[in-house]
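Listed below, chain by chain, are the residues.
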Amino acid sequence: MRRSPRRIGTGSFYVRQRAGRIVQIGGHGFALGDQGSGAALGRSLLTEAPRAADGLCPATPLLAQVLADLGGVEGIIAFGRSARPADYARFAPRIVAAEDAAAAAIFAAALRLAEATIARLQDGDAALPV
């Protein structure tokens, strides 16, 4: 199996072992974490769409499309009742592919968190490979 060094999957878990000491960040599961994962990206998108419908944030084309695809806010709520992390992760490619302000904000927030997590693991040693 070929792995890409630049992708995060459905979940997220970071670990460093140095000088016999292990530092673990994440791995708390979808309900409590998985920041930066495909599932968390999808969850963020589905969280933002009802906010747009309620007028709490701009209704971008991507958010409008998600609302339409899932049958509005009620459809998103119904989806969330039975959705598993992989179901949420199916929305992540839309975020990556869209030239949309909501997608850019969601992706940027995930990227900032991933960068901060990696910096925490590197603990001042930027040469530490990730």
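Preceding this section is the structure that the text describes.
The text that follows walks through the structure, step by step, so that each part is easy to find. (Residues numbered from 1 in each chain as written. Predicted model: local features only at pLDDT ≥ 70, side-chain atom pairs only at ≥ 80, totals over all residues. Heavy atoms only, no water.)

### Looking at the overall build of the protein chain
Working step 1: Check the secondary structure of the protein chain and you find six helices and two strands.
Working step 2: Each helix (α) and strand (β) of the protein chain, taken in turn from the N terminus, gives the series β-β-α-α-α-α-α-α.
Working step 3: Within the span of the protein chain, comprising 130 residues, buried residues form 35% of the whole.
Working step 4: A separation of at least 24 residues holds for 57% of the contacts in the protein chain among residues at least 6 apart in sequence.
Working step 5: Accessible surface for the protein chain amounts to roughly 8300 Å². Of this, 55% is attributable to carbon and sulfur atoms. (Helix = DSSP H or I, 4+ residues; strand = E, 2+ residues; numbered from the N terminus. Buried < 20%, exposed > 50% of the residue type's maximum accessible area, 1.4 Å probe, protein only. Contact = heavy atoms within 4.5 Å. Areas by Shrake-Rupley, 256 points an atom, 1.4 Å probe, with all protein chains shown as cover.)

### Observations regarding the pairing of strand E1 (residues 13-18)
Working step 1: The pairing of E1 with strand E2 (residues 21-26) spans six bridges and is antiparallel. Bridging from a neighbouring strand, Gln17 pairs with Ile22 of E2.
Working step 2: Following E1, the chain reverses through two residues before pairing antiparallel with E2; Ala19 in that reversal takes a positive phi of roughly 55 degrees. (Pairing = 2+ DSSP bridges.)

These results come straight from atomic positions and should not be treated as a statement about function.
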